[in-house]
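Read off the chains here:
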Amino acid sequence: MAMTYLIKHGFLVDPVAGRYGEYDLIIKEGKVIAVGKDLAGEGQEVIDAHNLLVMPGLIDLHVHLREPGQEEKETIATGSRAAAKGGFTSITAMPNTIPSADNASVITFVKTKSKEEGVVRVYPVGNITKGGAGQELAELADLVEAGAVAFSDDGASILNAAVERYAFQYGKLFNKPFLLHCEDKNLTADGVMHEGTVSTKLGLKGIPALAEEVIIARDLLLAEETGAWIHLCHLSTKRSLDLFKEAKARGVQVTAEVTPHHLTLTDQEVLGYNPATKVSPPLRPLHDVEALQEALIEGTIDLIATDHAPHTREEKHQEYSLAPFGMTGLETALGVVLTKFYHTGKLSLERIVQLMSVKPAQVLKIPGGTLKEGSPADLIMVDLNIEWEVREEDFISKGKNSPFIGKKLKGRNLATMVEGKWVYKSPQAPFNGVEKKF
Amino acid sequence: MSFSRKHLLGLENLEAKEIIEILNTAVPCKDIIKREIKKLPTLRGRSVVTLFFEPSTRTRISFELAAKRLGADTVSIAVNTSSVQKGENFVDTVKTIEALGADFIVLRHSVAGSPQLLAETVNCRVINAGDGAHEHPTQALLDLFTLRERCGEIAGLNVVIVGDIMHSRVAKSNIYGLLKLGAKVTVVGPPTLLPPGIEELGVRVMTNLDAALEEANVVNVLRIQKERQQKGLFPSLREYTRLYGLTKERLAGAPQDLIIMHPGPANLGVEISEEVATDPRSVISTQVTNGVAVRMALLYLMSGGENGDDLFN
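These figures come from a predicted structure and were not determined experimentally.

### A closer look at the overall build of chain B
Scanning chain B for helices and strands turns up 13 helices and 9 strands. Considered along the principal axes of its C-alpha atoms, chain B spans approximately 55 × 50 × 35 Å. Looking at chain B residue by residue over its 313 residues, the buried ones come to 58%. Across chain B, the fraction of contacts at a sequence separation of at least 24, relative to all contacts at a separation of at least 6, is 74%.

The structure is reproduced here in structure tokens:
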């Protein structure tokens, strides 16, 4: 039985409820039961959130939890704790596990294991095709029945347009989005970073921006033709954005995400050959990064997702070309966004909550995104002004492959509540009250 | 002044005066090679390990001879690339080699950036003997030495580099070195073999070799790898030769005193005809000899020697 809490004097940022200011919240039986000024009550644990933001828990619709099959990289237990630390109360589990989530039993496994060992809400995503191989449709109805919230072959595109067309048509049986990783692997070939001046200097094989853009153009046309509901993962180039904007304007059912790393880092980071900078799609030049920032600020991009992709130290500590693609993001995303967008005056707190909580909940049609009365008590308490350095030894995630290691950030989550239970509390949090598995 | 770098990973970050010091030091080194007794005790008791993850005969032997002539012990390790693919870990391998007592590791590797990873991993000195499409600094140094020997001055020379610029570490290091010493550089090749953004390094980019040769003082012909054709970057070796091969006919339109270079090994009849490779204007075999001198100079300077004074003893 969860405790009853009275969270007092926090600065509530809840754009869905139209609240922005100092409010008290009462949490009971996993739900927010009252929000108001100077609330009082009996039998509650009172938490003083003075000087802290209280926000709906963040929702990340792009997370690789690696379980089953690659538990050396991450597990549901470690990944969900990393999420809780970073301020996420709901995350997806991408299907490129071993075996892949192309069948109901893997979806069921992820759900069961998350209940037993996880600390945040985990929403499994099922494959579009069997084994994510892009050849034959997976049993989509089975996946949905088992609890898949979306379909994705993330990590690759379905290169055969006929297969994708059937998937989009068949997928209309279900009210679920297709989360699309857009990349023509023939154009990528054995490329390892963005193709441009920096790849030329470093002598590393380049991945042309076109590899992303041609598939985005194709997928938008296929979605338009079939009426499918698609979500573009990790947009990274200006031309991808242009294609997305045009399609949205003519009524294609499409949303798009961008990652904190593509928003803030350029391909210059690869100078020095640090494998933590190796990611798919690759870090792009400044003009692309600036276009992404602009699109985020003007509201073209729907949401921020991390594409949290943990790898072991051994896998990343080798020659650049041999190291796997991917970087972690759950524990740095909020700090990066606050540092680069809030503290620079580019985004308001309400917009950040929209981008990292409200909109992801809407796309996945899952609870969350607000703390109005009756909502699940999924919330975080954030210190906007705390300055911290990203350090390898501080990560809870098994993956230490973050390009932000050594960078200074401002703003950090101090405590995370999921369904009325504290699942993370920083030593810097000004109260006690953590129960459950910590 | 002495050369104070711990490692030589590339020419990109060297200053002109550092390059000149290496070239100056290579002059007495070359004299030593010409002596009857070609050996000095400068590096006695030191060990130089050549660690080659890619097959190469001439670069490895050149380093070994350079080290031996300075009195060092040399060990040559050739790691089969297939065993790397089988999971032999680079970091583990190089830590082992260091633990065995290497003072220098000379590394050749197909993956760009490996020398940097090596330098971050071990405490001994690292010399890059070619990493992927990144840099091959000692090849560029020996090319610069050869040009200085031949022309006296590098500043003002028009140097054409022709061929597979995209995949060439030799081109990259040559571009850095030549530009730092004041030469003008033109890269020439089919559009599919010209890397994006190469002009930002400060070179002129052309696709017509005949036009490029008109004002050239030097042409450096790069080796063309057959596998590039297999990847569809150009239609056939035959057509490549027709457009970019250095032949007697093509030389007719070039200045009479054009200097012809090739880093070797040459595909005779493909990027360069045998006739041209053995033409009096070709310095290809001089380049090979100078490679030993330049590598001696480098090992000498990196061991703490100054100005090459005691090389004359």
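Further notes follow.
### Side note on the overall build of chain A
Tallying secondary structure elements over chain A gives 13 helices and 18 strands in all. Relative to the globule expectation of 22 Å for 438 residues, the C-alpha radius of gyration of chain A, 21 Å, shows essentially globular dimensions. For chain A, the spread of C-alpha atoms along the three principal axes comes to 65 × 50 × 40 Å. Every one of the 438 residues in chain A was classed for burial, and the buried ones make up 64%. Long-range pairs, those at least 24 residues apart, make up 74% of the contacts in chain A between residues at least 6 apart in sequence. About 15600 Å² of surface is accessible on chain A, with carbon and sulfur atoms providing 50% of the total. Once the 47 positive and 58 negative side-chain charges of chain A are each reduced to a mean point, those two points are 2 Å apart.

### Digging into helix H2 (residues 104-117) of chain A
Side chains of residues three or four places apart in an α-helix project in the same direction, reflecting 3.6 residues per turn. Between its first and last C-alpha atoms H2 of chain A spans 20 Å; for 14 residues at 1.5 Å apiece the expected length is 20 Å, and the two agree. At its buried positions, H2 of chain A is contacted by helix H1 (76-86), strand S7 (88-93), strand S8 (121-124) and helix H3 (140-146) of chain A.

### Observations concerning the interface of chain A and chain B
Taken together, the contact between chain A and chain B spans 17 residues of the former and 25 residues of the latter. At the boundary of chain A with chain B, the tally comes to 2 salt bridges. A salt bridge links Glu12 of chain B to Lys201 of chain A; the nearest nitrogen and oxygen atoms lie 3.7 Å apart. Viewed at the interface, chain B and chain A are joined by 5 residue pairs in polar contact (both at pLDDT 80 or more). For the side of chain A that touches chain B, a count of residues per class yields 5 nonpolar, 8 polar and 4 charged.

### Describing the side chain of Arg69 of chain B
Residues and elements named next belong to chain B. With respect to the element layout, Arg69 can be found in helix H2 (residues 58-69). Buried charge without a salt bridge: Arg69, with Glu64 as the nearest opposite-charge side chain at an N-O distance of 11 Å. The residues touching Arg69, leaving out its near neighbours within four places in the chain, are Ile33, Lys38, Lys39, Leu40, Val292 and Met296.

### So, the packing of aromatic side chains
For the structure shown, the criterion picks out 9 aromatic pairs over all chains. An aromatic cluster is built from Phe151, Phe168, Tyr170, Phe174 and Phe178 of chain A, whose rings are joined through pairwise contacts.

### Re the confidence of the model for chain B
Across chain B, pLDDT averages 92, with 94% of residues at or above 70. Interface predicted TM-score (ipTM) for the complex: 0.89; the corresponding pTM is 0.92.

### Some details on the domain arrangement of chain B
Often, the extent of an interface is quoted as the loss of accessible area upon association of its parts. All names here are of chain B. Each assigned domain of chain B is listed with its residue range as follows: domain 1 (16-135 + 289-302) and domain 2 (137-287). One C-alpha centre belongs to domain 1, the other to domain 2, and the line joining them spans 25 Å. The partner domain 2 presents 26 residues to the 28 residues of domain 1 that form the contact. Of the roughly 2100 Å² buried at the junction of domain 1 and domain 2 (both faces included), carbon and sulfur atoms supply 59%. Taken as a group, Leu23, Glu135 and Asn290 account for 28% of the area that domain 1 buries against domain 2, more than any other trio of residues on that side. Here domain 1 and domain 2 share 2 salt bridges between them. Glu149 serves as the salt-bridge partner of Lys30, at 2.7 Å between the closest nitrogen and oxygen.

### Topic: the pairing of strand S6 (residues 184-188) of chain B
The side chains of a regular strand alternate, first on one face of the sheet and then on the other. Residues and elements named next belong to chain B. Among the 5 residues of S6, 4 are classified as buried, and the element is accordingly described as predominantly covered. Inspection of the sheet shows S6 paired to strand S7 (residues 204-206) by 3 bridges, in the parallel sense. For Val187, the partnering residue across the bridge sits in S7 and is Val205.

### Digging into the sheet that holds S7 of chain B
Residue and element names in this part refer to chain B. Spatial strand order, S7-S6-S5-S8-S9: 5 strands in an open sheet with parallel pairing. Lying at the two open borders of the sheet, with one neighbouring strand each, are S7 and strand S9 (259-261). Strand-to-strand twist across the sheet, computed as the mean angle between neighbouring axes with direction ignored, equals 20 degrees.

### Considerations on a nonpolar patch on the surface
A grouping of Leu187, Leu210 and Val214 of chain A is seen on the molecular surface, where their side chains present a nonpolar patch of about 200 Å² in accessible area. Tracing the sequence through the fold places Leu210 of chain A in helix H7 (residues 210-226).

Cut-off values and rules
The written sequence of each chain sets the order in which its residues are numbered from 1. The order in which chains are written sets their letters, starting at A; the order in which ligands are written sets their numbers, starting at 1. Under the rules for a predicted model, residues below a pLDDT of 70 receive no local features and side-chain atom pairs below 80 are neither given nor counted, while totals for whole chains, interfaces and linings still include all residues. Remark: hydrogens and water are excluded; side-chain values derive from all non-hydrogen atoms of the structure. Helix and strand assignments come from DSSP, with helices taken as H or I runs of at least 4 residues and strands as E runs of at least 2, each series counted from the N terminus. A 1.4 Å probe rolled over the protein chains alone gives each residue an accessible area, and that area as a share of the maximum for its type sets the label: buried under 20%, exposed over 50%, partly exposed in between. Note on definitions: a residue-residue contact is assigned when non-hydrogen atoms from the two residues lie within 4.5 Å. With C-alpha atoms as the basis for the radius of gyration, the globule rule is written as 2.2 Å multiplied by the number of residues raised to the power 0.38. A 1.4 Å probe and the Shrake-Rupley method give the accessible areas. Residues count as covered only by the protein chains that appear here. Counted charges follow a simple rule, with Lys and Arg positive, Asp and Glu negative, and His plus the chain ends left uncounted. Charged side chains are reduced to one point each, which is NZ for Lys, CZ for Arg, CG for Asp and CD for Glu. Given a helix with a known number of residues, its expected span is that number minus one, times 1.5 Å. When a carboxyl oxygen of Asp or Glu is within 4 Å of a side-chain nitrogen of Lys or Arg, the pair counts as a salt bridge. N or O atoms within 3.5 Å of each other form a polar contact, as long as, within protein, one can give a hydrogen and the other can take it, and as long as residues adjacent in sequence are counted only when both atoms are side-chain atoms. Note that Gly is not counted as nonpolar here; it falls among the polar residues with everything else outside the nonpolar set of Ala, Val, Leu, Ile, Met, Phe, Trp, Tyr, Cys and Pro and the charged set of Asp, Glu, Lys and Arg. Pairing of aromatic rings covers Phe, Tyr and the six-membered ring of Trp, with a centre-to-centre limit of 6.5 Å; geometry is then stacked below 30 degrees between planes, edge-to-face above 60, and tilted otherwise. Scored between 0 and 100, pLDDT is the confidence that the predictor attaches to each residue. Domain ranges listed in this record stem from an automatic or a database domain assignment. Once two parts are brought into contact, the accessible area they lose, counted with a 1.4 Å probe and summed over both, makes up the buried area. Strand pairing is assigned whenever DSSP identifies at least 2 bridges connecting the two strands. Every angle, taken between N-to-C directions, lies between 0 and 180 degrees, and every axis is a line fitted to C-alpha atoms, over only the stretch in contact when it is a helix. Residues with no salt bridge and a relative accessible area higher than 30% make up the patches, which join like charges within 9 Å and nonpolar side chains (Val, Leu, Ile, Met, Phe, Trp, Tyr) within 5 Å.

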